[in-house]
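# A closer look at the structure
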Amino acid sequence: MQKTTPRNNSSKNDEKWMGRALAMALEASRRGEVPVGAVLVMDDMIIGEGGNSPIGLHDPTAHAEIIAIRNAAAALKNYRLPLTTLYVTLEPCIMCMGAILHARIDRLVYGASDPKSGAVSSVYTIGSDELLNHYLKITGNILEQTCSSLLKDFFKDRRKFQKNRGNDTI
C-alpha cells in the first residue's frame, strides 16, 4: 500500500487542481462554512467539485469531499470513480476517507494536515494501513501553507467576531 508522502509522487498538475480546490474553499468561507474545498478530476477534467456546506444544507455529511464525490458520481452515472484524483484542501476525516475508498478513487491529494481529526496520516492512517482491499495513492502537503493559512485566518476571524458579540458557539 502507498504511504502518505510529502510530495514525492506529485504530478505537474497538482498545484493547478489544488488551486481550484482553494477557490471552492473560499466560496465556502464566504457562506460562513469552514473553508474546505474539493475537486475530483478525471483525464485532466473536473468531474465534480464542492465546498464545505454542512451549515447551509443542514447536513453533517456535506463535507467538500462528499459533495465533490456525489457530483462526480451523478455526472458519470456511476457510484465507482476509478481513475480519478481527488484534491482537497484539508486532510480528510474518517467519514470522507470511507467515501473515498468506497468510490474507488485512485488517488488523493491534500493540502493541510488536520492534527485533530485527520484520517490519512495525522490521527488515523486509513487508506495506507494495508487493512483494506482498495489501493489508494496519497500525496500530502500540496500548497500546504496556503491551505493552512486559509483555515487559520477563518477561525481567527470567527473567534474575533464571536468575542465582539459575546457568543462562543463555534
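Residues numbered from 1 in each chain as written. Predicted model: local features only at pLDDT ≥ 70, side-chain atom pairs only at ≥ 80, totals over all residues. Heavy atoms only, no water.

### Overview of a positive patch on the surface
For clarity, the threshold we go by: For patch detection, residues must exceed 30% relative accessible area and be free of salt bridges, and they are connected within 9 Å for like charges or within 5 Å for nonpolar side chains (Val, Leu, Ile, Met, Phe, Trp, Tyr). Throughout, the Shrake-Rupley method with a 1.4 Å probe supplies accessible areas, and for residues the shown protein chains are the sole cover considered. For salt bridges, the criterion is a side-chain nitrogen of Lys or Arg within 4 Å of an Asp or Glu carboxyl oxygen. When charges are counted, neither His nor the chain ends are considered; positive counts come from Lys and Arg and negative counts from Asp and Glu. Here the site of a charge means NZ on Lys, CZ on Arg, CG on Asp, or CD on Glu. Only DSSP runs of H or I with at least four residues qualify as helices, and only runs of E with at least two residues qualify as strands; both kinds are numbered from the N terminus onward. Note on exposure labels: buried denotes an accessible area under 20% of the residue type's maximum, exposed denotes more than 50%, and partly exposed covers the range between, all computed with a 1.4 Å probe on protein chains only.
Taken together, Lys116, Lys156, Arg159 and Lys160 make up a surface patch of like positive charges. Topologically, Lys156 is positioned in helix 5 (residues 144-165). You can call Lys156 exposed: its relative accessible area is 56%.

### A short note on the packing of helix 1 (residues 14-30) against helix 5
For the record, the criterion: Comment: axis = line fitted to C-alpha atoms, over the contacting stretch for helices; angle = value between 0 and 180 degrees taken between N-to-C directions. To sort the angles, those under 35 degrees are grouped as roughly parallel, those over 145 as roughly antiparallel, those from 65 to 115 as roughly perpendicular, and the leftovers as oblique. We call two residues contacting when some pair of their heavy atoms lies within 4.5 Å. When residues are grouped by polarity, Ala, Val, Leu, Ile, Met, Phe, Trp, Tyr, Cys and Pro land in nonpolar, Asp, Glu, Lys and Arg in charged, and all others, Gly among them, in polar.
Interhelical geometry of helix 1 versus helix 5 gives an angle of 5° and a closest axis separation of 11 Å. Judged by the angle between their axes, helix 1 and helix 5 are roughly parallel. Here Met18, Leu22, Ala25, Leu26 and Ser29 of helix 1 come into contact with helix 5, specifically with Thr146, Cys147, Leu150 and Phe154. Here the contact of helix 1 with helix 5 is composed, by residue class, of seven nonpolar, two polar and no charged.

### A word on the pattern of salt bridges
The full count for this structure, using the stated rule, is five salt bridges. Residues Arg20 and Glu49 are paired through a salt bridge, measuring 2.8 Å at the closest nitrogen-oxygen approach. Here Arg20, found in helix 1, pairs with Glu49, found in strand 2 (residues 45-51); they are 29 residues apart in sequence, far enough to count as distant. Residue classification places Glu49 among the partly exposed residues on the basis of a relative accessible area of 22%.

### A look at helix 3 (residues 64-76)
Definition in use: An expected span of 1.5 Å times one less than the residue number is assigned to each helix.
With 13 residues, helix 3 ought to run about 18 Å at 1.5 Å a step, and its terminal C-alpha atoms sit 18 Å apart, in line with that. All of the buried residues along helix 3 are Ala64, Glu65, Ile66, Ile67, Ala68, Ile69, Ala72 and Ala73. Buried residues along helix 3 sit in contact with strand 1 (37-42), strand 2, helix 2 (54-57), strand 3 (85-90) and helix 4 (94-102).

### Focus: the pairing of strand 1
Looking along a regular strand, one sees side chains alternate from face to face of the sheet. How we decide: The pairing criterion for strands is at least two bridges between them, as found by DSSP.
Of all six residues in strand 1, six are buried; the element is thus mostly enclosed. Alignment of strand 1 against strand 2, held across six bridges, turns out to be antiparallel. Along strand 2, the bridge assignment pairs Met42 with Met45. Pairing of strand 1 with strand 3 involves four bridges; the strand directions are antiparallel. Of the residues in strand 3, the one forming a bridge with Val39 is Tyr87.

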